[in-house]
Amino acid sequence: MNFIRNGSYYIVAKYRDFEKPEIIPLRQSWYLEDGINDFIYGNDIASIDLVTTKFSSIEGFKKLLNKEGLLKNNFVDLYIVHDHKYKGKKYLNTLELLFNQKDYRTELINKMANNRLNNIETKQKDTENFYNRFFNKINTRESFKKFFTLPFKPNNEYFSLEILKEQNAFKLKYSNVTKDYITTRNIVNMWNLYDTLSRKYDDIDEIKKGNLLVTDYINTLNVRNNRRIDEGEIMKMIDKNQVPGQITMDDFLNNVTTEKKEIDSVKALLIEEKRIRDEEPFDDPLLNDLSERLTIYEMIEKLTSEQIKTLSPKDRLKLHMIDYVDYKNIISSGNKTR
């Protein structure tokens, strides 16, 4: 077995009644037949997916963690973080846990995950059935297309609004990006979310259903925004130089003031982001006019791909296409559009 391990993905447990988040480890034996039984805190994303897709829901996964004594209680938000560098500074990406849908999506994820861990290339023929179904649904189900062409920074970066506006979306299935694990995983994640959110709208026409799903998705993102308050603390916890469990109470007490400053700093960013979105006018006069009578998504529907590409950073922020960190990065780099 030519097993590889990119241990830079971490499962975070954020409790409702505990201020400090925790990193949840996995046993390699949970996803490899001959894997070691020790707890590993930093894992490959494929390793995490192979564990969580053994369960049909997060509740089943929580039962495993409770059995191992890894959770304080069940009032917890579980998600994945992965750090990346931009201009020498580290930032956190957040991903959602995947669970078993008992269909071709989960089968593909499991196959690609095993390929990734064993350093085996995924072939285009392996993903062809999945992407045929995906693009067919894009072209035939209006609510699905609307959900997947959201410019509100969805998880799938490659299949963004501009790409999905191609006249012949099916040709995208022949691009190398369809063999990429993270890209396919993110599409599966969004597809699963689409199914979950759309169940309550089965009897509604596709146009209205699409609009309602957009609203639901934005609300979902807003709920998840409180995770960002803990980013400074989590960044410390996943530092390769730190050993989980080795921080003493004295270390913690000595760092309280610093941690509070970091939390206050993140809160300040969130407040500033909200102020710009709610109070400042758009740079583009057309958007100011549209904002008086349309919702954000309805405004975006009025814009062409070319117009979207030329929007100022502030207008992209106000339209929820980017977050405040992206906004500041674009401003500091001197780019007027992105």
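Okay, so let's go over this structure.

Reading the values: rules and limits
- Residues numbered from 1 in each chain as written.
- Predicted model: local features only at pLDDT ≥ 70, side-chain atom pairs only at ≥ 80, totals over all residues.
- Heavy atoms only, no water.
- Phe/Tyr/Trp six-rings, centres within 6.5 Å; stacked < 30°, edge-to-face > 60°.
- Buried < 20%, exposed > 50% of the residue type's maximum accessible area, 1.4 Å probe, protein only.
- Lys NZ or Arg CZ within 6 Å of the ring centre and 35° of its normal.
- Core = buried A, V, L, I, M, F, W, Y, C linked by side-chain atoms within 4.5 Å.
- Salt bridge = Lys/Arg side-chain N within 4 Å of Asp/Glu carboxyl O.
- Helix = DSSP H or I, 4+ residues; strand = E, 2+ residues; numbered from the N terminus.
- Expected span 1.5 Å × (residues − 1).
- Bend = angle between axes of the 7 residues up to and from the residue.
- Axes fitted to C-alpha atoms, helices over the stretch in contact; angles between N-to-C directions.
- Parallel < 35°, antiparallel > 145°, perpendicular 65-115°, else oblique.
- Left-handed = near helix turned anticlockwise from the far one by under 90°.
- Contact = heavy atoms within 4.5 Å.
- Nonpolar A, V, L, I, M, F, W, Y, C, P; charged D, E, K, R; others polar.

Using the criterion set out here, one finds 18 aromatic pairs in the structure. Taking 6.1 Å as the distance between ring centres and 75° as the angle between the ring planes, the aromatic pair formed by phenylalanine 147 and phenylalanine 148 counts as edge-to-face. The same class applies to phenylalanine 147 and to phenylalanine 148, which are both buried. One aromatic cluster is present, formed by Tyr104, Phe130, Tyr131, Phe134, Phe135, Phe144, Phe147, Phe148, Trp191, Tyr194 and Tyr217 through successive ring pairs. Lying across the ring of tyrosine 79, arginine 227 places its NZ or CZ 4.1 Å from the centre.

Of all hydrophobic cores here, the largest spans 54 residues; its most connected members are Ile24, Phe61, Leu78, Phe134, Phe147 and Phe148. Leu287, Leu290, Leu303 and Ile308 belong to the second largest nonpolar core, which has 10 residues in total.

What follows concerns the pattern of salt bridges. Scanning all chains against the criterion turns up 23 salt bridges. Arginine 27 is the partner of glutamate 68 in a salt bridge, and the nearest nitrogen-oxygen pair spans 2.8 Å. Of this pair, glutamate 68 sits in the loop between helix H2 (58-67) and strand E5 (76-86) while arginine 27 sits in strand E3 (residues 26-27), and the two are 41 residues apart along the sequence.

What follows concerns helix H4 (residues 124-140). Residues spaced three or four apart along an α-helix face the same direction, because each turn holds 3.6 residues. Taking 1.5 Å as the rise per residue, H4 with 17 residues should run 24 Å; its terminal C-alpha atoms sit 23 Å apart, in good agreement. In H4, a bend of some 35° at phenylalanine 130 exceeds every other bend along the element. Turning to H4, its buried residues are Thr127, Phe130, Tyr131, Phe134, Phe135 and Ile138.

Between helix H1 (residues 45-52) and helix H3 (residues 104-117), the least distance of the axes is 9 Å, while the angle of their chain directions is 140°. Between H1 and H3, the angle falls in the class oblique. Handedness of the H1/H3 crossing: left-handed. Taken together, the residues of H3 that come into contact with H1 (itself represented by Ile45, Ala46, Ser47, Asp49 and Leu50) are Ile109, Asn110, Ala113, Asn114, Arg116 and Leu117. For the contact of H1 with H3, the class distribution of residues is six nonpolar, three polar and two charged.

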